[in-house]
Amino acid sequence: MALKEYCKNAASVYPKQLMWPTIPASFFPFSSNRGETAIAGSHGFINLVVEILIMVNEIVFQSHAASEIMSGFAAYFKTKTQDDKAGISISIPAVYGEGFINMLDFRNGMTMFSFCGALRKDLVIRFRYHAPPPLRMIFCVQNDLKHLIRGDRIQYQLTDLLGSLVCGTSGNEQIFFLPGEKSVNYYCIEIDRERYNAVLGESLSTLPPDLREAFSDVRGKQSFLYQGNYSLTIAQGIQNIKSTSYTGLVKRVFVEAQTLEIMAMQIKQFIDDREPSNRQSVLRKRDMELIIEARNRLLADLIKPPTVKELAQLTGTNENKLKKGFRLLYNTSINKLLQNERLSKAKLLIAEESYPIKEIARMVGYRHCGHFTSKFKKKFGVLPKEYIKSMTG
């Protein structure tokens, strides 16, 4: 078998057989042009790295300086950077795909990167330098992003709605993989810990011990990884950055404020995840989708709707989170939302004048007509019969 064909088969088969327990099954090793196969095991972990002898598209950075990274992207895409005084951006030429890369350096040790677009081919991004790496907060909005830190046994994949807080140790190569022929959208906050800690000062002491250590490890001696579904507030902040029409200084201040809020919410979420699920207060974007699903299930049958317990089981969440989510998303309780929907539907049926009041009460889930009429009057200020008269004049 030809080496090129063998390597292609290895890349598609081996990762599904030999994986660290936490690695998603869809993850596969990155390619380079060196052509070697190495297998190394330690304490029950197996790390399989298959390097394929075929040409790949890759960018290698020797620094995490924001300006150098944007210059490197510009050189790879054979284009120029654009500076609008609020940040630096690159438009991806059509020959490589479509979309843009944005960067905003806040000069306090914090930098915001965003990638939104679709590449024609897979792209491997490598960071090779001996300086302490930044602490990164990464949020995947669309499709997927794979991240590997060699030597630290960190290898994971972010898909829609997932985020990570991650750093490696000094001197270990970090690799990011962007898939081709897919629309990819992710945001990344990079924190130069030595510079940013001068801003934080004593406030670092308020963080949980492991997160405090990750922030204060300015020499990059320890690796760190946290990942999970990011919150609705973070999702909204990312959308605000993406859709802003501000320019110049106003845009810069706005994006910095949104970035700081996203960073604060990620830290809050990290702390919140330590709590039992029934005590968590942060509403994730994934939770929001489950709550919308629960609402649709609740209102699908007004005569015999599912109970709160049944709704939680149907959507794979717990009752407390469901109740809290309804209040956050719809500003009301589950029962109140159901009652409002029943009465609104009844109002429409009364206006059609096709059914008697008693039948309408049954159709929207009320067993007793008297109970229905009192609820109707409380909501609309008139009894059902009075509402019919007002409609007919």
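These figures come from a predicted structure and were not determined experimentally. (Residues numbered from 1 in each chain as written. Predicted model: local features only at pLDDT ≥ 70, side-chain atom pairs only at ≥ 80, totals over all residues. Heavy atoms only, no water.)

Draft legend 1. Structural view of the packing of helix α10 (residues 334-352) against helix α12 (residues 369-380). Put simply, α10 and α12 touch, their axes get as near as 10 Å, and they point 95° apart. Comparing their axes, α12 and α10 come out roughly perpendicular. Of α12, the residues touching α10 (which contributes Gln-339, Asn-340, Leu-343, Ser-344, Ala-346, Lys-347 and Ile-350) are Phe-372, Lys-375, Phe-376, Lys-379 and Phe-380. In terms of residue class, the contact of α10 with α12 is made up of six nonpolar, three polar and three charged. (Axes fitted to C-alpha atoms, helices over the stretch in contact; angles between N-to-C directions. Helix = DSSP H or I, 4+ residues; strand = E, 2+ residues; numbered from the N terminus. Parallel < 35°, antiparallel > 145°, perpendicular 65-115°, else oblique. Contact = heavy atoms within 4.5 Å. Nonpolar A, V, L, I, M, F, W, Y, C, P; charged D, E, K, R; others polar.)

Draft legend 2. Structural detail: empty space enclosed by the protein. On inspection of all chains with the given rule, the structure shows six cavities of 30 Å³ or more. Space inside the largest cavity adds up to approximately 190 Å³. Around the largest cavity sit 15 residues that line it, and Phe-73, Phe-113, Phe-127, Tyr-186 and Glu-190 are the ones nearest its centre. Only α2 (66-76), β7 (110-119), β8 (123-127), β9 (135-142) and β14 (183-191) provide two or more residues apiece to the lining of the largest cavity. (1 Å grid on protein atoms, 1.4 Å probe; cavity = no way out; pocket = protein on both sides within 12 Å on 5 of 7 lines; lining within 4 Å. Points joined across faces, edges and corners; volume = space filled by probe spheres on them.)

Draft legend 3. Main features of the sheet that holds strand β10 (residues 145-149). The five strands lie next to each other as β3-β8-β13-β10-β11, forming an open sheet whose pairing is mixed. Two strands bound the open sheet, and with one partner strand each, they are β3 (58-61) and β11 (154-158). Strand-to-strand twist of the sheet, defined as the mean angle between neighbouring strand axes without regard to direction, takes the value 15°. Relative to strand β13 (residues 174-178), β8 runs antiparallel, the two sharing five bridges. Paired with Arg-126 across the strands is Ile-175, a residue of β13. (Pairing = 2+ DSSP bridges.)

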